[in-house]
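# Structure at a glance
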Amino acid sequence: MLKDRIMQYITVQQANENADGFGIYKEEKEYAEKNQLAVDNLFVEKDANTRFADAYIERCDKESENMLKNENSSFLSEPLVYLKKHKNEFIYLESNWFELIGVEAVSLEADDVFGTYDVMLGLKLQKKFEKTLKEHLNSHLHGGEAKFDLMFSHDDGLWNLNFALNYVEGFTEEMTMGEAFQLIYRFLFKLVEAAEER
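The structure contained in this document is the topic of the report that follows. Since we're looking at a predicted model, the values are computed, not measured. For every chain, the first residue of the written sequence is number 1, and numbering continues from 1 onward in sequence order. Residue-level local features of this predicted model are given only where pLDDT is at least 70; pairs of side-chain atoms are given and counted only at 80 or more, and the full residue set underlies all totals for whole chains, interfaces and linings. Hydrogens and water are ignored here; the side-chain numbers use all heavy atoms of the structure.

## A look at the nonpolar core
- Judged by nonpolar contacts, the single largest core of 62 residues is most densely connected at Phe-98, Leu-108, Phe-163, Leu-165, Phe-181 and Leu-188.
- A run of H or I in DSSP counts as a helix once it spans at least four residues, and a run of E counts as a strand once it spans at least two, with each numbered from the N terminus. Of all the elements, helix 6 (residues 177-197) adds the most residues to this core, at 12 residues.
- In this analysis, two residues are considered to be in contact whenever any of their non-hydrogen atoms come within 4.5 Å of each other. Filtering out sequence-adjacent residues up to four positions away, Leu-165 remains in contact with Leu-108, Tyr-117, Val-119, Phe-171, Ala-180, Leu-183 and Ile-184. Only buried residues count toward a nonpolar core. Its members are Ala, Val, Leu, Ile, Met, Phe, Trp, Tyr and Cys residues joined through side-chain atoms within 4.5 Å. Residue burial is assigned from relative accessible area. The probe radius is 1.4 Å, only protein chains are included, and a residue is buried under 20% of its type maximum, exposed over 50%, and partly exposed in between.

## So, the sheet that holds strand 8 (residues 148-153)
- A sheet is described by the order of its strands in space; here seven strands give the open sequence 4-3-5-6-7-9-8, paired in antiparallel fashion. In the strand order of this sheet, the two ends are held by strand 4 (67-71) and strand 8, each with one partner. Mean inter-strand twist for the sheet, computed between neighbouring axes without regard to direction, equals 15°.
- As paired strands, strand 3 (residues 56-61) and strand 4 are joined by four bridges and run antiparallel to one another. Residue pairing for strand 4: Arg-59 is matched across the bridge by Lys-69.
- Each of strand 7 (117-123), strand 8 and strand 9 (158-164) is contacted by helix 5 (residues 130-140), which is oriented at about 165° to strand 8, the strand it contacts most. Should DSSP find at least two bridges between two strands, the strands are regarded as paired. To define axes, lines are fitted to C-alpha atoms, for helices over the stretch in contact only, and angles between the resulting N-to-C directions are given on a 0 to 180 degree scale.

## Comments concerning the layout of surface pockets
- Only protein atoms enter the calculation, which uses a 1 Å grid: trapped sets of points that fit a 1.4 Å probe without letting it out are cavities, open sets showing protein on both sides within 12 Å along at least five of seven lines are pockets, and any residue with an atom within 4 Å of a point is a lining residue. Grid points are joined across faces, edges and corners, and a volume is the space filled by probe spheres set on the points. Space inside the largest pocket adds up to approximately 310 Å³.
- Lining the largest pocket are 14 residues, and of these Phe-114, Thr-116, Asp-118, Lys-147 and Ala-164 sit closest to its centre.
- Among the secondary structure elements, those contributing two or more residues to the lining of the largest pocket are strand 7, strand 8 and strand 9.
- Considered class by class, the residues forming the lining of the largest pocket number six nonpolar, two polar and six charged.
- Roughly 170 Å³ of volume is contained in the second largest pocket.
- Lining the second largest pocket are His-136, His-140, His-142, Val-168, Glu-169, Leu-183, Arg-186, Phe-187 and Lys-190.
- Looking at the lining of the second largest pocket, the elements that each hand over two or more residues are helix 5 and helix 6.
- Considering every element that reaches the lining of the second largest pocket, the biggest residue donor is helix 6, with four residues.
- Three classes are used, and their members are as follows: Ala, Val, Leu, Ile, Met, Phe, Trp, Tyr, Cys and Pro are nonpolar, Asp, Glu, Lys and Arg are charged, and the others, Gly among them, are polar. Of the residues assigned to the lining of the second largest pocket, the class counts are three nonpolar, three polar and three charged.

## As for the side chain of Glu-58
- As for its position among the elements, Glu-58 is in strand 3.
- For Glu-58, which is buried and forms no salt bridge, the nearest opposite charge comes from Arg-59, at a distance of 10 Å.
- Every residue in contact with Glu-58, bar those within four places of it in the chain, is listed here: Met-67, Lys-69, Asn-70, Phe-90, Ile-91 and Tyr-92. By the counting rule applied here, Lys and Arg register as positive and Asp and Glu as negative, while His and the ends of each chain are not counted. Put simply, a salt bridge is a Lys or Arg side-chain nitrogen that is within 4 Å of an Asp or Glu carboxyl oxygen.

Structure (structure tokens):
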């Protein structure tokens, strides 16, 4: 699953490798080294800010779920508080990187009631991972209100997961949209890794 997808990514990168090695992001680099994938290769760590450069991004209306505007990656430099200033909107983001960890897309919005930044997604993992997922979420979401919603959809064969980004280690309200999506990615990567290690 995750191991196979990362191995496939490394294999493709090796085919295009130059003498200086090939670029890989921090999460995949740590995973590859930990699992001794492609030991002979020289990994060059890529700038995390470039991860979502080719992502598909929409600003959408919360009530109707209609797209307001299709954005390019420059939108990711907007401050996260944009969502509190535009409470009627949510951000929908698709990326090959999220697909690598079994996530189709991620939505991010400011919660009107609690004032938190809510992350919503579908996670492609089997139902048998329920206990591990819940344990990981409970131990890695910090704060008195550190709640999440996790429900398995038999129709889709995936987990519907909602959680407050505010309770993820490393969160600050001063971050940009891009930094927020990087934090979400890292959190989900570690969640999937933990599930598959069990």
